[in-house]
Amino acid sequence: MINEIIRLIKHEADAIQNIPVSDQYEKAIRLIETQVHQKNGKLVASGMGKAGQIALNIATTFSSTGTPAVFLHPSDAQHGDLGVIQPNDVLLLISNSGKTREILELVDLADNLYPNLPIIVITGNPEGELCKTADATLFTGNPAEVCTLGLTPSTSTTTMTVIGDILVVLMMKKIGFSNADYAKRHHGGYLGDKSRRQARQQE
């Protein structure tokens, strides 16, 4: 079992190391900075199933680090929650296949509400239908799933999470997000206490 665990970890690590790096990251950061920090919009993240859980995590991490963001479930969007979208927002859509029906429908619904909202896509299929609507496409590298069946979202969601972390950290640096800024948004718990201590040390 130990050898199997080592093999699985290596599989995941290799997938992360093989995430393609391109100027699409710069485009994505510029879009987020323009819409959220210059036009006072927000980032609206969405995905279906496991990709949706990753989108939720990315949205909450952005919010805690100075970039207002929300998660919009693509199915709930069809039943009124689409109203959370505003004209200066930027969409971050996650779909491993690049053709998730609910996400494609969300694109149409959002465009009907506010035409030409900028779209960032995280996907394992840069040739998918979703990417035709994207202003920036971040490719996971389409790694093989570590799942024994090759089906369960596992390695693909690992790479999606890493790409989300990269965007968050790049944006924190872009806006000069500080310990004091973090402490204002994270009052409770260990991290709140740590951020306040670090902020005092920097005074």
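First, a word on scope: everything that follows refers to the structure included in this document. (Residues numbered from 1 in each chain as written. Predicted model: local features only at pLDDT ≥ 70, side-chain atom pairs only at ≥ 80, totals over all residues. Heavy atoms only, no water.)

It is worth spelling out the pairing of strand S3 (residues 90–95) at this point. Among the six residues of S3, six are classified as buried, and the element is accordingly described as predominantly covered. Both faces of S3 are covered, namely the face carrying Val90, Leu92 and Ile94 and the face carrying Leu91, Leu93 and Ser95. In this sheet, S3 lies alongside strand S1 (residues 43–47) in parallel orientation, the contact comprising five bridges. Bridging across to S3, Gly47 finds its partner in Ile94. Here S3 pairs with strand S4 (residues 119–123) via five bridges, running parallel. Bridge pairing links Ile94 to Ile122 in S4. (Buried < 20%, exposed > 50% of the residue type's maximum accessible area, 1.4 Å probe, protein only. Helix = DSSP H or I, 4+ residues; strand = E, 2+ residues; numbered from the N terminus. Pairing = 2+ DSSP bridges.)

With 28 residues, the main nonpolar core has Ile32, Leu43, Phe62, Ile94, Ile120, Ile122 and Leu138 as its most contacted residues. Secondary structure elements with two or more residues in this core: helix H2 (24–38), S1, helix H3 (50–64), S3, S4, strand S5 (136–139) and helix H6 (155–175). Ranked by size, the runner-up nonpolar core spans 16 residues in total, among them Leu82, Ile85, Leu117 and Ile119. (Core = buried A, V, L, I, M, F, W, Y, C linked by side-chain atoms within 4.5 Å.)

Taken as a whole and judged by the stated rule, the model has seven salt bridges. When the shortest N-O distance is used, the salt bridge between Arg101 and Glu102 registers 3.1 Å. As a salt-bridge pair, Glu105 and Arg101 come within 3.3 Å of each other at their nearest N and O atoms. Linking Glu105 with Arg101, this pair stays in helix H5 (residues 101–113), spanning four residues, or about one helical turn. Taken together, the shared-partner salt bridges in this structure form one network comprising Arg101, Glu102 and Glu105. (Salt bridge = Lys/Arg side-chain N within 4 Å of Asp/Glu carboxyl O.)

Let us now look at the environment of Lys132. Along the chain, Lys132 falls in the loop between S4 and S5. With 34 residues separating them along the chain, Lys132 and Gly98 place their C-alpha atoms 9.6 Å apart.

Below, the discussion takes up H3. Taking 1.5 Å per residue, 15 residues should reach 21 Å; H3 reaches 22 Å between its end C-alpha atoms and fits that length. All buried positions along H3 are accounted for by Ala51, Gly52, Ile54, Ala55, Ile58, Ala59 and Phe62. Looking straight down H3, one finds that the buried residues subtend no more than 155° of arc, so they occupy a single side. The positive-phi residue at the C-terminal boundary of H3 is Gly66, with phi of around 95°. (Expected span 1.5 Å × (residues − 1). Arc of directions from axis to C-beta.)

Bringing the packing of helix H1 (residues 2–17) against H6 into the picture now. Taken N-terminus to C-terminus, the directions of H1 and H6 make an angle of 45°; their axes are 9 Å apart at the nearest point. Accordingly, the angle class assigned to the pair H1 and H6 is oblique. Here H1 runs over H6; the crossing is right-handed. On H6, the residues touching His11, Glu12, Ala15 and Ile16 of H1 are Thr155, Thr158, Thr159 and Val162. A class-by-class count of the residues in the contact of H1 with H6 yields three nonpolar, four polar and one charged. (Axes fitted to C-alpha atoms, helices over the stretch in contact; angles between N-to-C directions. Parallel < 35°, antiparallel > 145°, perpendicular 65-115°, else oblique. Left-handed = near helix turned anticlockwise from the far one by under 90°. Contact = heavy atoms within 4.5 Å. Nonpolar A, V, L, I, M, F, W, Y, C, P; charged D, E, K, R; others polar.)

Moving on to the sheet that holds strand S2 (residues 69–71). Ordered by their spatial adjacency, five strands build an open sheet running S2-S1-S3-S4-S5, and the pairing between neighbours is parallel. A single partner strand is all that each edge strand has here, and the edge strands are S2 and S5. Strand-to-strand twist in this sheet, taken as the mean axis angle between neighbours without regard to direction, amounts to 20°. Pairing between S1 and S2: three bridges, direction parallel. Note on S2: the bridge partner recorded for Val44 is Val70. Packing against the sheet, H2 makes contact with S1, S3, S4 and S5, and its axis sits at approximately 130° to S5. Across the sheet, H3 touches S1, S2, S3 and S4, and the angle it forms with S2 is around 160°.

Nothing here speaks to function; it is geometry throughout.
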